[in-house]
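Spelled out from the first residue to the last, the chains are:
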Amino acid sequence: MQETKIVDPASFRDPSGFVFTQQGVLYRQVQDSYRGQYERLIGSGLYKELVECELMVAHEEANPAPALGESAYRILRPERIPFLSYPYEWSFSQLKDAALLTLEIQKRSLQHGMVLKDAAAYNIQFLRGRPVLIDTLSFEHYKEGEPWVAYGQFCRHFLAPLALMAHKDIRLNQLFRIFIDGIPLDLAASLLPFGTRFKVSLMTHIHLHARSQKHYERKTISRNRYRISLYQFRALMDSFETAVRKLNWRPEGTEWGDYYECTNYSGDSLECKKQIVREFIRNYRPETVWDLGANTGLFSRIASDEGCYTVSFDIDPAAVEKNYRHVRQSREVNLLPLLADLSNPSPGLGYANRERMSFEQRGPAGAILALALIHHMAISNNVPLRKIAEYFSTLAGLLMIEFVPKNDSQVQRLLSTREDVFPQYTQDHFEQEFGRFFNIKSSVRVSGSERTLYLMQKR
Amino acid sequence: MKPVFLICLFLLLVLPSHQAFAYIDPGSGSYVLQMIVAAFFAIVFTLKMFWRSIRLFFSRFFSKNQDGPGAGNENS
């Protein structure tokens, strides 16, 4: 009996090949039409160089090959990415590093007579703390004189969002959620401050580019007439690199960026909480941990240091940025900081809503950490405790959750500007509602505070 | 930066007009602009490389003059 092969719903645009899974193993089929390019990628040493420098995901050629259809040339078994993430979930530096990686790969490709045929941010994922290219079929032969086909795509996927985040508002990477093929340049040009017209790279690659697109909107051109030399091509890539490197954003002045510095936790409470979390992780050793409301990743690191692959979610771009910089600086391999608003988590996006997975689809995790989070969901966002419990039970089998009672100063702060319409926000009711979906294994009062940490297992 | 803006705008405006066909090619604007900006950045790149080599020459020249015997040896 032939095993079922499931083609990845995001893998249909490029006729060179596609990704599928069989019995939980991920494969990439290279079609016969891509044979020449694939042979060049391997034969020129480009693939080896990119993998050795950790710029691209490695693969093995599958043998025997579970091919789909008659036109398969090779079946590859790529290394799995532990958690797929998308540019609307990345901090500024994550997107910037992804842009610089794309340009670095482009430079090295040119040295081997190849060029990137696309420049989508979705081709980049984070593996062992660093961005890597996952699309093995992104390369084609470089033909002297031909402009870069992905020029517009690079501007929409990298330069425009980075410029908007740096010069206008850090939250504008959320436009990726609406525009699946990158931010339209006319929109970027209209949102960017007037002063960006006096920055050469932004003026040319975004403002003039948007005008040129408008000018040629309903015209077609004879592409053979437009040629650029290899030297000009390299100069163009250099201009991109200079532009991207000059774009910066400093994480400060947001709500949570300085949380641990400003919080009223005593040193003992924090230490007690760390100890409880560490014991939980050591006892259960979950393969993956999702730390929800992770701030800059203080507790995520307890899990990742114990060898659990940990995704550290927070709503605050400054906290995620600080967390990512820490990962990069300390070369942490088990931690992935991402942006997530739990009151509106990433939905399924793209064609048929199936190209980009929703937050929930990427689960379940082995365990969830939900520390100092419940009051934000229940009080700031008016989500009933039962709904929180039900949702968390779909995300993981194990849950470590902190109950923050009404008399806690942080809850008092949330209630100070609004009417208390939460008579059921009590510890008893919390236990009752979570008890519907989880078995409460243990609970420990955090010393020096009114808070309690619960360990729960899904029913 | 104003002259740069004017040069690019000029190049954009003086491009030959093309035949219009019945379908839309959303990449045409990017294609045409790329050719213009690539030519422009090739000049910038050349100047940058030239300036870099001048700076390198002088930095080497001065560091040679300043270096006495044993200079640059961190362990000395």
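Criteria and cut-off values
Residues numbered from 1 in each chain as written. Chains lettered and ligands numbered in written order. Predicted model: local features only at pLDDT ≥ 70, side-chain atom pairs only at ≥ 80, totals over all residues. Heavy atoms only, no water. Helix = DSSP H or I, 4+ residues; strand = E, 2+ residues; numbered from the N terminus. Rg over C-alpha atoms; globule rule 2.2 N^0.38 Å. Buried < 20%, exposed > 50% of the residue type's maximum accessible area, 1.4 Å probe, protein only. Contact = heavy atoms within 4.5 Å. Areas by Shrake-Rupley, 256 points an atom, 1.4 Å probe, with all protein chains shown as cover. Axes fitted to C-alpha atoms, helices over the stretch in contact; angles between N-to-C directions. Left-handed = near helix turned anticlockwise from the far one by under 90°. Nonpolar A, V, L, I, M, F, W, Y, C, P; charged D, E, K, R; others polar. Pairing = 2+ DSSP bridges. Domains from an automatic or database assignment. Buried area = accessible area lost by both parts, 1.4 Å probe. Salt bridge = Lys/Arg side-chain N within 4 Å of Asp/Glu carboxyl O. Polar contact = N/O pair within 3.5 Å; in protein donor to acceptor, adjacent residues only side chain to side chain. Right-handed = clockwise from strand over helix to strand, strands pointing away.

A. Broad picture of the overall build of chain A. If you tally the helices and strands in chain A, you get 15 helices and 16 strands. Relative to its length of 459 residues, chain A is compact, with a C-alpha radius of gyration of 24 Å against a globular reference of 23 Å. Projecting the C-alpha coordinates of chain A onto the three principal axes gives extents of approximately 75 × 65 × 40 Å. Of all 459 residues assigned to chain A, the portion counted as buried reaches 56%. Across chain A, contacts joining residues at least 24 apart in sequence account for 71% of those joining residues at least 6 apart. A total accessible area of about 19800 Å² is found for chain A, and carbon and sulfur atoms account for 47% of it.

B. How the structure looks around the packing of helix α3 (residues 92-111) of chain A against helix α4 (residues 151-167) of chain A. All names here are of chain A. The geometry of α3 relative to α4 is characterised by a closest axis approach of 10 Å and an angle of 145° between their N-to-C directions. Relative to α4, α3 is oriented so that their crossing is left-handed. Residues F92, L95, K96, A98, A99, T102 and L103 of α3 pack against F154, H157, F158, P161, L162, M165 and A166 of α4. Residue composition of the contact of α3 with α4, by class: 11 nonpolar, 2 polar and 1 charged.

C. Local environment of the sheet that holds strand β4 (residues 59-61) of chain A. Residues and elements named next belong to chain A. In spatial order, the strands read β1-β2-β3-β5-β4; together these 5 strands make up an open sheet with antiparallel pairing. Of all the strands in the sheet, just β1 (5-7) and β4 have a single pairing partner and so form its edges. Neighbouring strand axes in the sheet, compared pairwise and without regard to direction, differ in orientation by 35° on average. In terms of strand pairing, strand β3 (residues 25-31) meets strand β5 (residues 72-78) through 4 bridges, oriented antiparallel. Looking at β5, one finds that Q31 is bridged to A72. On top of the sheet, helix α1 (residues 35-43) reaches β3, β4 and β5; it is set at about 45° to β5, its chief contact.

D. Spotlight on the domain arrangement of chain A. Residues and elements named next belong to chain A. Once the domains are mapped, chain A shows domain 1 (5-78), domain 2 (87-246) and domain 3 (259-458). With centres defined by C-alpha atoms, the gap from domain 1 to domain 3 works out at 37 Å. Each partner contributes residues to the interface: domain 1 has 4 residues there, and domain 3 has 4 residues. Summed over both sides, the interface between domain 1 and domain 3 buries roughly 350 Å², with carbon and sulfur atoms accounting for 56% of that surface. Seen at the junction of domain 1 and domain 3, the total is 1 salt bridge. Ionic pairing is found between E355 and R13, a salt bridge with its closest N-O pair at 2.4 Å. Here domain 1 is connected to domain 3 by 1 residue pair in polar contact (both at pLDDT 80 or more). In terms of residue class, the side of domain 1 that touches domain 3 is built from 3 nonpolar, no polar and 1 charged.

E. How the structure looks around the pairing of strand β12 (residues 335-339) of chain A. Residues and elements named next belong to chain A. When you tally the buried positions in β12, you get 5 out of 5 residues, the bulk of the element. Here β12 shows a buried face lined by L335, P337 and L339 and a second buried face lined by L336 and L338. In terms of strand pairing, strand β11 (residues 309-314) meets β12 through 5 bridges, oriented parallel. Paired with S312 across the bridge in β12 is P337. A crossover connection joins β11 to the parallel β12 through helix α11 (residues 317-329); in handedness this β-α-β unit is right-handed.

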